[in-house]
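Overview (structure and organization)
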Amino acid sequence: MATGTPDSQARFGQSVKGLLTEKVNTCGTDVIALTKQVLKGSRSSELLGQAARNMVLQEDAILHSEDSLRKMAIITTHLQYQQEAIQKNVEQSSDLQDQLTHLLK
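What counts as what
Residues numbered from 1 in each chain as written. Predicted model: local features only at pLDDT ≥ 70, side-chain atom pairs only at ≥ 80, totals over all residues. Heavy atoms only, no water. UniProt positions renumbered as here; feature names shortened; annotations may be inferred. Helix = DSSP H or I, 4+ residues; strand = E, 2+ residues; numbered from the N terminus. Rg over C-alpha atoms; globule rule 2.2 N^0.38 Å. Buried < 20%, exposed > 50% of the residue type's maximum accessible area, 1.4 Å probe, protein only. Areas by Shrake-Rupley, 256 points an atom, 1.4 Å probe, with all protein chains shown as cover. Lys, Arg positive; Asp, Glu negative; His and termini not counted. Charge placed at Lys NZ, Arg CZ, Asp CG, Glu CD. Patch = residues over 30% accessible without salt bridge, like charges linked within 9 Å, V, L, I, M, F, W, Y side chains within 5 Å. Salt bridge = Lys/Arg side-chain N within 4 Å of Asp/Glu carboxyl O.

If you look the protein up in an unreviewed UniProt entry, it shows as BLOC-1-related complex subunit 7 from Chrysochloris asiatica. Per UniProt, the protein carries the Sequence similarities (unreviewed entry) text "Belongs to the BORCS7 family." You can read under Subcellular location (unreviewed entry) in the UniProt record for the protein the words "Lysosome membrane".

Spelled out as structure tokens, the structure:
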């Protein structure tokens with residue numbers, strides 16, 4: 001195998017060394033970009049999980065509100081019945097008062 005001059009071998013070595021350094025730098029940059037992408041993906045997953053938890057909390061709040069509205073409707077109905085009963089009693093007491101005044105005359 002023929003060997004070149006020491007000067008050409010040194011230039012070839014420097015060229016190879018330069019190419020290797022460039023490749024190492026490119027690989028390092030690629031690793032950094034990949035790491036950033038993985039971290040961004042993990043943050044996205046974390047944000048999606050948090051959004052899902054928030055949605056569950058909102059759903060529970062909605063269900064609780066619906067339950068409260070049903071209870072309030074029942075209470076409103078009971079209050080209406082009581083109001084009607086009170087109004088009926090007031091009318092009867094007026095009639096009784098009229099009868100008492102008529103009897104006392």
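After that view of the structure, there is still more to cover.
This part covers the overall build of the protein. On a plain count of helices and strands, the protein comes out with one helix and zero strands. A globule of 105 residues ought to have a C-alpha radius of gyration of about 13 Å, yet the protein, at 45 Å, is considerably larger. The principal-axis extents of the C-alpha atoms in the protein amount to approximately 150 × 20 × 5 Å. Expressed as a percentage of the 105 residues in the protein, the buried residues total 0%. Surface accessibility of the protein: about 9900 Å² in total, with carbon and sulfur atoms responsible for 63%. Side-chain charges in the protein split into 11 positive and 12 negative, and the spacing between the mean points of these groups amounts to 16 Å.

This paragraph deals with a nonpolar patch on the surface. Judged by side-chain polarity, F12, V16 and L20 come together as a nonpolar surface patch covering roughly 310 Å² of accessible area. Within the secondary structure layout, V16 lies in helix α1 (residues 6-104). Assessed through its relative accessible area of 32%, V16 is described here as partly exposed.

Taken as a whole, this structure holds one salt bridge when the rule is applied. Two residues, K71 and D67, come together in a salt bridge whose shortest N-O distance is 3.4 Å. Separated by four residues within a single helix, K71 and D67 lie in helix α1, roughly one turn from each other.

Let's shift gears to the environment of K88. In this structure, K88 sits in helix α1. K88 sits 37 residues away from A51 along the chain, and the two C-alpha atoms are 55 Å apart.

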